[in-house]
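Geometric and topological summary
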Amino acid sequence: VAAANAGLDVLVCHGRDDDVVPFSEGERAAAILRGLLSREQCVAFKDYEMKHGVASDEVYDIITFLNARNKEADAAGAAPSSDPVEA
């Protein structure tokens, strides 16, 4: 992981009944990221009662996660990105 990315916060979401990607792989991805990033607590793992797909409670959790990071950036005085993908 590049030094510039070592402090990133990451949200990993996975369905407990996923029949495409085993649930254990979601857990493993979170564990690997915790080992690569500078703060173990910067990786959040959320699981859902669902198969392979996207659930409304998962989308809500993603929006909440992103909004919290935006508020942290605003409080730190970070300039807004001009790239709409990053904004």
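Along each chain, the written sequence defines residue order, and numbers are assigned to residues from 1. In view of the model being predicted, local features appear only for residues whose pLDDT reaches at least 70, and side-chain atom pairs are presented and counted only at 80 or more, with totals across whole chains, interfaces and linings using the full set of residues. Each side-chain value is derived from all of the structure's non-hydrogen atoms; neither hydrogens nor water enter the calculation.

What follows concerns the packing of aromatic side chains. Centres within 6.5 Å make a pair out of two Phe, Tyr or Trp rings, where for Trp the six-membered ring is used; the pair is then stacked when the planes are under 30 degrees apart, edge-to-face when over 60, and tilted otherwise. Enumeration according to the criterion identifies one aromatic pair in this entry. Relative to F45, the ring of F23 has its centre 5.7 Å away and its plane inclined at 65°; by these criteria the two rings are edge-to-face. In this pair, F23 sits in helix α1 (residues 23–36) while F45 sits in strand β2 (residues 43–48), placing the two residues 22 residues apart along the sequence. Here, over-ring charges are defined by two tests on the NZ atom of lysine or the CZ atom of arginine: distance to the ring centre within 6 Å, and angle to the ring normal within 35 degrees. It is R69 that lies over the ring of F65; its NZ or CZ is 4.0 Å from the centre. Helix and strand definitions here come from DSSP, where helices need a minimum of 4 consecutive H or I residues and strands a minimum of 2 consecutive E residues; each element is numbered from the N-terminal end.

Once that is clear, we can look at α1. The end-to-end C-alpha distance of α1 is 20 Å, a good match for the 20 Å that 14 residues give at a rise of 1.5 Å each. Relative accessible area decides the class of each residue, using a 1.4 Å probe on protein chains only: under 20% of the type maximum gives buried, over 50% gives exposed, and in between gives partly exposed. Burial in α1 covers these residues: F23, G26 and A30. Mapping the buried residues of α1 onto a view down its axis gives an arc of 65°, with all of them on the same face. Looking at the buried residues of α1, the elements they touch are β1 (10–15) and β2. To estimate how far a helix should reach, multiply one less than its number of residues by 1.5 Å. Think of it as the arc spanned by the lines of direction from the helix axis to the C-beta atoms. Only heavy atoms matter for contacts: two residues are in contact if any of them lie within 4.5 Å across the pair.

Between Lys or Arg on one side and Asp or Glu on the other, a salt bridge is scored when a side-chain nitrogen of the former is within 4 Å of a carboxyl oxygen of the latter. Evaluated as defined, the whole model comprises five salt bridges. D9 is paired through a salt bridge with R69; the nearest N and O atoms lie 2.9 Å apart. Of this pair, D9 sits in the segment before β1 while R69 is found in helix α2 (residues 56–75), placing the two residues 60 residues apart along the sequence. Assessed through its relative accessible area of 25%, D9 is described here as partly exposed.

Summarising the element assignment, D18 is placed in the loop between β1 and α1. There is no salt bridge for the buried D18, and the closest opposite charge comes from K51, which lies 8.8 Å off by N-O distance. We define a polar contact as two N or O atoms separated by no more than 3.5 Å, with the added condition that, inside protein, one atom must be a possible hydrogen donor and the other a possible acceptor, whereas residues neighbouring each other in sequence contribute only through side-chain atom pairs. A distance of 2.7 Å separates the side chain of D18 from the backbone nitrogen of V20, its partner in a polar contact. Looking at D18, its side chain comes within polar contact range of the side chain of H52, at 2.9 Å. Residues scored as positive are Lys and Arg, those scored as negative are Asp and Glu, and His as well as the terminal groups of each chain are ignored.

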